[in-house]
Amino acid sequence: MERTYDIIVVGGGLLGCATAYQLAKRRAGRILLLDGNEVASQASSRAACLLTRARTKPALMEMVQETYDCIVEMEHLLDEQLGLQVCGSLTIASSAASLKGLEALEAAADRFGIPNGRISRREVKRLLPWIEAEAVGEACYMPTDAFIDCAVLCSAYARSALACGAEVRPNTRVKAITAEGGAVTGVELADGSRIAAGGVVNAAGAWANLLMRPLGVGLPFTPVRSHFWITGIDKERFPANHPFTVIPDARAFTRSDVGALIIGLRESECRAFDPATLTDKLEDFDFGRAAEWQVLDECAPLLKRYLPDIEELGIAHYVAGPSCYVPDAMFVVGPVRQYAGLHAVAGCCGGGVAAGGGMGRLAAELILGEEPFVPPALFAPDRFGEVDPFSPAFQKRCAEARSNKKGG
Ligand SMILES: Cc1cc2nc3c(=O)[nH]c(=O)nc-3n(C[C@H](O)[C@H](O)[C@H](O)COP(=O)(O)OP(=O)(O)OC[C@H]3O[C@@H](n4cnc5c(N)ncnc54)[C@H](O)[C@@H]3O)c2cc1C
């Protein structure tokens, strides 16, 4: 048995690292962060990195704001720039249904004080040289939206946690979360050794339910494939730092990437994965590369209205990874009531880069018994009652949450 810790965080992705930072900066005792791979090497190195501020649910806007606040705070703490790109965003509506969604988003942004305003087609074309302006019905510009390299952000959380006294151990796989008499006692590592702790936070991303299964607990989410394509370089049409777009009528988002365009497309029936089929490293997992062209066949015609020569654009890269979706499209943060000392931070619903700072803050506040900054019931792991994340029926509900997603 190694030395005892107060809290062990399992998972060194955005959610685990943000939680470790929020705990360490509150001086929550001896904190150990463990990851079976390198820190920031799994889902958290594959995101499109949009930090979309406006959401129709106020608690989510609070959580995203916390991420922006963490970025400023960590830049001071680490004495370095993290490369936040404040490019602004454009949400485009060309149908009655998406206009209704746009109005709801604007109202939410107004209530929260997020700058936003409608702009003309001419102005849209000036900001986005690649767009067919005639296809744009209405466009709302939010100039303070930004993106950030997600691996840089994740490693900043980890290094800030270290700077505040936490320990970080990469390449250390947890075999099991250990418990006795209804309370967690620590973790058992893959090599059979044990580390004792009064508290364990399960932030193991797409793998989190594999650690819960032997404890007889199901967290209410499952990994669902998220993906985007990156075009070849064309610096005139895709200038660096032009606003990212959200186009619900095309089931698409875009953002600039040093002279190329990142195109995210959401198919009408998203694909969920049984967590039991995951490999330890995403590099070894097949996200259905063969289906990539089917998705393009379904989705590209919708985007063609806005990007008429989409078929001629050379595609340089395809990036796929797991986003963990929850049936109500909210996150999973809080105590796992069956075991004293066990907490979960998971179920990012494709928003862990944007909301990770806030998810970590809520987790830390609940662990330390502080007043939570957002209503915790919205995120409670047990809000669906008992669920079986390994059942195809439940996985289908989670996939539908992504299929029905409208925002960025
Ligand atoms: C294609 C794509 C695009 C995305 N775009 C955006 C976006 O634009 N904006 C946004 O906000 N979000 C986006 N996301 C979502 C974002 O990537 C996730 O919300 C975020 O990375 C989740 O972080 P995580 O810590 O839960 O998962 P991960 O980064 O996967 O971290 C989990 C960690 O747990 C470790 N682990 C697992 N099991 C064990 C074990 N037994 N022992 C020890 N360690 C273990 C793993 O090694 C891993 O490092 C996107 C996701 C994808 C896939």
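Please refer to the structure placed before this passage.
Note that the coordinates shown come from a computational prediction; the quantities given were computed from them, not determined experimentally. (Residues numbered from 1 in each chain as written. Predicted model: local features only at pLDDT ≥ 70, side-chain atom pairs only at ≥ 80, totals over all residues. Heavy atoms only, no water.)

### Focus on unusual backbone geometry
Item 1. Look at Asn-171: it is not a glycine, yet its phi comes out positive at around 50 degrees.
Item 2. With respect to the element layout, Asn-171 can be found in the loop between strand E8 (167–169) and strand E9 (174–180).
Item 3. The partly exposed category is assigned to Asn-171, whose relative accessible area is 47%.
Item 4. Its identity is not glycine, yet Arg-251 carries a phi of approximately 50 degrees, on the positive side.
Item 5. With respect to the helices and strands, Arg-251 occurs in the loop between strand E13 (244–247) and strand E14 (252–257).
Item 6. On the accessibility criterion, Arg-251 (21% relative accessible area) is partly exposed. (Helix = DSSP H or I, 4+ residues; strand = E, 2+ residues; numbered from the N terminus. Buried < 20%, exposed > 50% of the residue type's maximum accessible area, 1.4 Å probe, protein only.)

### Considerations on the environment of Ile-230
Item 1. With respect to the secondary-structure elements, Ile-230 resides in strand E12 (residues 222–231).
Item 2. Classification of Ile-230 by relative accessible area gives buried; the value is 12%.
Item 3. The sequence separation of Ile-230 and Thr-254 amounts to 24 residues, and the corresponding C-alpha distance is 9.5 Å.
Item 4. If sequence neighbours within four positions are ignored, Ile-230 has contacts with Asp-257, Ala-260, Leu-261, Ile-262, Gly-314, Ile-315, Ala-316, His-317 and Val-319. (Contact = heavy atoms within 4.5 Å.)

### With respect to the pattern of salt bridges
Item 1. The tally for this structure, following the rule as stated, stands at 22 salt bridges.
Item 2. Here Glu-106 makes a salt bridge to Arg-118, at a shortest N to O gap of 2.6 Å. You can see Glu-106 sitting in helix H3 (residues 96–112) and its partner Arg-118 sitting in strand E5 (residues 117–118), a full 12 residues away along the chain.
Item 3. The class for Glu-106 is buried, based on a relative accessible area of 10%.
Item 4. Note on Arg-118: relative accessible area 39%, which makes it partly exposed.
Item 5. The partner of Glu-365 in a salt bridge is Arg-361, with the nearest N and O atoms 2.8 Å apart. (Salt bridge = Lys/Arg side-chain N within 4 Å of Asp/Glu carboxyl O.)

### Considering the site of the ligand
Item 1. In the vicinity of the ligand, 37 residues are found, and the nearest of them are Asp-35, Ser-44, Cys-348, Gly-352 and Ala-354.
Item 2. Take Leu-14: an N or O atom from its main chain is 3.2 Å from an oxygen atom of the ligand.
Item 3. Residue Gly-352 places a main-chain N or O atom 2.8 Å away from an oxygen atom belonging to the ligand.
Item 4. Here the ligand has 1,000 Å² of accessible area as a free molecule, and 96% of this is covered by the chains. (Near = heavy atom within 4 Å. Polar contact = N/O pair within 3.5 Å; in protein donor to acceptor, adjacent residues only side chain to side chain. Areas by Shrake-Rupley, 256 points an atom, 1.4 Å probe, with all protein chains shown as cover.)

### Structural notes on the sheet that holds strand E15 (residues 260–265)
Item 1. Spatially, E5-E6-E4-E13-E14-E15-E12-E16 is the arrangement adopted by the eight strands of the open sheet, whose pairing is mixed. Strands with a single pairing partner mark the edges of an open sheet, and in this sheet they are E5 and strand E16 (315–325).
Item 2. Examined bridge by bridge, E13 and E14 share three bridges and lie antiparallel to one another. Within E14, the position partnered with Ile-247 by the bridge is Ala-252.
Item 3. Contacts between H3 and the sheet are confined to strand E4 (89–93), E5 and strand E6 (138–142), with E6 contributing the most and set at about 25 degrees to the helix.
Item 4. Of the strands in this sheet, E12, E15 and E16 are in contact with helix H9 (residues 392–403), which crosses E12 at around 35 degrees. (Pairing = 2+ DSSP bridges. Axes fitted to C-alpha atoms, helices over the stretch in contact; angles between N-to-C directions.)

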